[in-house]
Amino acid sequence: MGELRLYAIGVDEVRDVFGAPPALERQFRAIAAAAFVPQTTPKQPGMLGKLGPLFRRAPEAVIVQPDTPVEADVADLLAARYIRPERQPAAWRLLEAYLNAKAWSTHRIELDVQRFNDLEFDLARAGMHPQFGLGRLVNNELSLPLQTYRGLATGCTKHSQALQAASAWRNVLNHLSPENRSIAEPYAAWLAQFHHYAHAAPQQGRPLPDLVVGYRA
């Protein structure tokens, strides 16, 4: 099942990671270190632990999965260097860890194709303009040096349009089926928070949050 991962964060705060200044680099590395603690090989019990070197890992050996970020991924991302295709999943996991830590808030929407199409039809029937639908969120407007890979798509909706979307979704809730309203109502409530962030962001010296989206098929 596909999942939309939504973040309330200024898109420039995301783009600044690539070629990050020293202060941001330190912050990013701290977030990455907390999110991806190295796992070590557990002790092998029973007869397996008594077998020869062919079947045994070194004690406390670090286990690295293919999509687990390593230091080279962190360094390449922060320096805005080219990320090889096989390391792109690991690099995106790093960026998602940063988004989760820095976003004002996050939201998740799980949708299969049938439910997505039904929701979009229901929204159109209720009078919502297509520009505010879920399908328009994935628009490739993040403009990052890091390329996406198969199964991942991204997008960015500017702050002003996110505010308009909050109103548009709230106005159609009573016209949706119960099944679609169960998806739309939490999303509308999440969008409504952008009004509060508009006041809080300047006080903290941060840009107004945009709606940054990642979709995993």
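Residues numbered from 1 in each chain as written. Predicted model: local features only at pLDDT ≥ 70, side-chain atom pairs only at ≥ 80, totals over all residues. Heavy atoms only, no water.

1. A word on the packing of aromatic side chains
Here the distance between the centres and the angle between the planes together describe a pair of aromatic rings.
Turning to step 1, where the next piece is worked out: For the structure shown, the criterion picks out six aromatic pairs.
Turning to step 2, where the next piece is worked out: For the ring pair Phe28 and Tyr98, a centre distance of 5.6 Å and an interplane angle of 40 degrees mean the geometry is tilted. Of this pair, Phe28 sits in helix H2 (residues 22-35) while Tyr98 sits in helix H4 (residues 88-102), and the two are 70 residues apart along the sequence.
Turning to step 3, where the next piece is worked out: Taking relative accessible area as the criterion, Phe28 reaches 1% and is therefore assigned buried.
Turning to step 4, where the next piece is worked out: Note on Tyr98: relative accessible area 2%, which makes it buried.
Turning to step 5, where the next piece is worked out: Linked through ring pairs, Trp104, Trp169, Tyr187, Trp190, Phe194 and Tyr197 together constitute an aromatic cluster. (Phe/Tyr/Trp six-rings, centres within 6.5 Å; stacked < 30°, edge-to-face > 60°. Helix = DSSP H or I, 4+ residues; strand = E, 2+ residues; numbered from the N terminus. Buried < 20%, exposed > 50% of the residue type's maximum accessible area, 1.4 Å probe, protein only.)

2. Points about the side chain of Asp73
Turning to step 1, where the next piece is worked out: Within the fold, Asp73 resides in helix H3 (residues 71-78).
Turning to step 2, where the next piece is worked out: Excluding its chain neighbours within four sequence positions, the residues that come into contact with Asp73 are Thr68, Arg87, Ala90 and Leu94. (Contact = heavy atoms within 4.5 Å.)

3. Thoughts on the environment of Ala217
Turning to step 1, where the next piece is worked out: Checked against the element boundaries, Ala217 lands in the segment after strand E6 (210-216).
Turning to step 2, where the next piece is worked out: Exposure remark for Ala217: the relative accessible area of 72% places this residue in the exposed category.
Turning to step 3, where the next piece is worked out: Sequence spacing of Ala217 and Val113 is 104 residues, and the spatial spacing of their C-alpha atoms is 9.8 Å.
Turning to step 4, where the next piece is worked out: When near neighbours in sequence (up to four residues on either side) are disregarded, Ala217 contacts Met1, Gly2 and Gly151.

4. Some thoughts on the nonpolar core
Turning to step 1, where the next piece is worked out: In this structure, Leu6, Leu134, Trp169, Tyr187, Leu191 and Leu211 are the most contacted members of the largest nonpolar core, which totals 31 residues.
Turning to step 2, where the next piece is worked out: Every element with two or more residues in this core is listed here: strand E1 (2-9), strand E4 (106-111), helix H5 (113-125), helix H6 (159-172), helix H7 (178-192), helix H8 (194-203) and E6.
Turning to step 3, where the next piece is worked out: Once residues lying within four places of it in the same chain are set aside, the contact partners of Leu6 are Ser105, Thr106, His107, Arg108, Ile109, Leu137, Tyr187, Trp190, Leu211, Val212 and Val213. (Core = buried A, V, L, I, M, F, W, Y, C linked by side-chain atoms within 4.5 Å.)

5. Quick word on H7
Turning to step 1, where the next piece is worked out: With 15 residues, H7 should reach 21 Å at 1.5 Å per residue; the first-to-last C-alpha distance of 21 Å fits that figure.
Turning to step 2, where the next piece is worked out: Taken as a whole, H7 carries its principal kink of about 25 degrees at Ala184; the proline Pro186 stands between one and four residues after it.
Turning to step 3, where the next piece is worked out: For H7, the set of buried residues is Asn180, Ile183, Ala184, Tyr187, Ala188, Trp190 and Leu191.
Turning to step 4, where the next piece is worked out: The elements touched by buried residues of H7 are E1, E4, H5, H6, H8 and E6. (Expected span 1.5 Å × (residues − 1). Bend = angle between axes of the 7 residues up to and from the residue.)

6. Considering the sheet that holds strand E5 (residues 152-157)
Turning to step 1, where the next piece is worked out: Read from one edge of the open sheet, four strands run E4-E1-E6-E5, paired in antiparallel fashion. The two strands at the open ends of the sheet, each matched to only one other strand, are E4 and E5. Across the sheet, the axes of successive neighbouring strands diverge by a mean angle of 15 degrees, strand direction being ignored.
Turning to step 2, where the next piece is worked out: As paired strands, E5 and E6 are joined by six bridges and run antiparallel to one another. Its bridge partner being in E6, Ala153 is matched across the sheet by Tyr215.
Turning to step 3, where the next piece is worked out: Along the sheet face, H7 touches E1, E4 and E6 and points at about 160 degrees away from the line of E4. (Pairing = 2+ DSSP bridges. Axes fitted to C-alpha atoms, helices over the stretch in contact; angles between N-to-C directions.)

7. Some remarks on the packing of H3 against H4
The axes of two packed helices give the description: the angle between them and the distance between them.
Turning to step 1, where the next piece is worked out: Contact geometry of H3 with H4 gives a least axis separation of 10 Å together with a crossing angle of 70 degrees. As far as their axial angle goes, H4 and H3 are roughly perpendicular. Taking contact as the criterion, the partners of Asp73, Val74 and Leu77 in H3 are, on H4, Ala90, Ala91 and Leu94.
Turning to step 2, where the next piece is worked out: Considered class by class, the residues forming the contact of H3 with H4 number five nonpolar, no polar and one charged. (Parallel < 35°, antiparallel > 145°, perpendicular 65-115°, else oblique. Nonpolar A, V, L, I, M, F, W, Y, C, P; charged D, E, K, R; others polar.)

8. Considerations on H5
Turning to step 1, where the next piece is worked out: Here H5 is 13 residues long and its end C-alpha atoms lie 18 Å apart, about the 18 Å a rise of 1.5 Å per residue gives.
Turning to step 2, where the next piece is worked out: Every buried residue of H5 is listed here: Leu119, Asp122 and Leu123. Projected down its long axis, H5 carries its buried residues within an arc of 100 degrees, all on one side. For H5, the exposed residues lying more than 90 degrees away from the buried face are Val113, Gln114, Phe121 and Arg125.
Turning to step 3, where the next piece is worked out: Each element contacted by the buried residues of H5 is listed here: H6 and H7.
Turning to step 4, where the next piece is worked out: A positive backbone phi angle near 100 degrees is found at Gly127, which sits one or two residues after H5. (Arc of directions from axis to C-beta.)

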